[in-house]
Amino acid sequence: MVSDGEGNKKDKEKDRKKRQHVSIIARPLAGKRLCKKTLKLVRRAAQNKQLRRGVKEVVKAVRRGQKGLCVIAGDISPIDVITHLPILCEESDIPYIYVPSKEARSYLFCAAAQKRPACCMLVLLNPVKGKLEDEEKQGFMEDYTDVSKEVKSLASTIY
């Protein structure tokens, strides 16, 4: 058996190793708790068809004026692929968050019912086609507002 102190040290070491591969520009960076909340939100959005996946789709959606939450992987190489996304999001008043590691990124994109990992996704406020039932929409909006408040508070501490 591992004592609490030893297990805690191992968790801290794993977390440090994950964050080593994160790019310098990856700010605001989601912590464990925010990653879990974001994962839950992405799962709900995938079920309701409220996602845009990949750089091209996200850029098109942002330029067309669609609103939502942008989730960006922080460990992308070369970083030039996604450097324009935060600027587009800020101009369009869309909150964005970086996910720290490949593991978290793979969980997020598996939750999005995707076989290939992508480097970013946009969680839309409204479904692409059709409408949601009131209960589903209310649950989704609660999760969305919770995550977006935390993202906005993280972003305000940076600047």
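Computed from a predicted model, the values in this text were never measured in an experiment.

Draft legend 1. Structural context of the pattern of salt bridges. Counted according to the given criterion, the structure contains five salt bridges. Among the salt bridges present, the one from D143 reaches R44, with a minimum N-O distance of 2.6 Å. A residue pair is termed long-range when its members are at least 10 positions apart, and D143 in helix α6 (residues 134-158) and R44 in helix α2 (residues 32-47) qualify at 99 residues.

Draft legend 2. Highlighting the pairing of strand β3 (residues 96-99). Burial of β3 is two-sided: the residues Y96 and Y98 facing one way and the residues I97 and V99 facing the other way are all buried. In this sheet, β3 lies alongside strand β2 (residues 68-73) in parallel orientation, the contact comprising four bridges. Bridge pairing in β3 links I72 to Y98. Regarding the hand of the β-α-β motif, the stretch spanning β2, helix α4 (residues 85-91) and β3 is right-handed.

Draft legend 3. Summary view of the side chain of N48. Here N48 lies in the loop between α2 and β1 (51-53). Ignoring any residue separated from it by four or fewer positions in sequence, one finds N48 in contact with P127, L132 and E136.

Draft legend 4. Layout of the environment of A73. Structurally, A73 is set in strand β2. For the pair A73 and Y98, spaced 25 residues apart in sequence, the C-alpha to C-alpha distance is 5.4 Å.

Draft legend 5. Structural view of helix α3 (residues 55-63). The set of residues buried in α3 consists of V55, V58, V59, A61 and V62. Summarising the axial view, the buried residues of α3 lie within an arc of 165°, below the 170-degree limit, and thus occupy one face. Residues of α3 that are exposed and point over 90 degrees away from its buried face: K56 and R63. Buried residues belonging to α3 abut β1, β2, α4 and β4 (120-124). Just past α3, the residue G65 takes up positive phi, approximately 95°.

Draft legend 6. Seen up close, the packing of aromatic side chains. Using the criterion set out here, one finds two aromatic pairs in the structure. Seen in terms of ring centroids, F140 and Y144 are 6.3 Å apart; in terms of plane orientation they differ by 25°. Their pairing is stacked. Pair noted here: F140 and Y144 are both in helix α6, with a separation of four residues, about one helical turn. Y144 carries the same exposure label as F140, and that label is buried.

Draft legend 7. Structural context of the sheet that holds β1. The four strands are arranged β1-β4-β2-β3 in an open sheet whose pairing can be described as mixed. Of all the strands in the sheet, the pair left with one neighbour each is β1 and β3. Averaged over all pairs of adjacent strands, the angle between strand axes in this sheet comes to 20°, irrespective of strand direction. In the packing of α3 onto the sheet, contacts are made with β1, β2 and β4, and the angle to β4 comes to roughly 40°.

Draft legend 8. Highlighting the environment of N126. For N126, the position within the fold is in the loop between β4 and α6. Sequence spacing of N126 and L51 is 75 residues, and the spatial spacing of their C-alpha atoms is 9.4 Å. When sequence neighbours within four positions are dropped, the list of residues in contact with N126 reads Q50 and K137.

Draft legend 9. Local environment of the nonpolar core. One finds V58, C70, I72, I82, L85, Y98 and L122 to be the most contacted residues of the largest nonpolar core, which totals 23 residues. The set of elements that each furnish at least two residues to this core consists of α3, β2, α4, β3 and β4. Element by element, the count of residues in this core is highest for α3, at five residues. Grouped together as the second largest cluster of nonpolar side chains are 18 residues, L34, A46, V99 and V151 included.

What counts as what
- Residues numbered from 1 in each chain as written.
- Predicted model: local features only at pLDDT ≥ 70, side-chain atom pairs only at ≥ 80, totals over all residues.
- Heavy atoms only, no water.
- Salt bridge = Lys/Arg side-chain N within 4 Å of Asp/Glu carboxyl O.
- Helix = DSSP H or I, 4+ residues; strand = E, 2+ residues; numbered from the N terminus.
- Buried < 20%, exposed > 50% of the residue type's maximum accessible area, 1.4 Å probe, protein only.
- Pairing = 2+ DSSP bridges.
- Right-handed = clockwise from strand over helix to strand, strands pointing away.
- Contact = heavy atoms within 4.5 Å.
- Arc of directions from axis to C-beta.
- Phe/Tyr/Trp six-rings, centres within 6.5 Å; stacked < 30°, edge-to-face > 60°.
- Axes fitted to C-alpha atoms, helices over the stretch in contact; angles between N-to-C directions.
- Core = buried A, V, L, I, M, F, W, Y, C linked by side-chain atoms within 4.5 Å.

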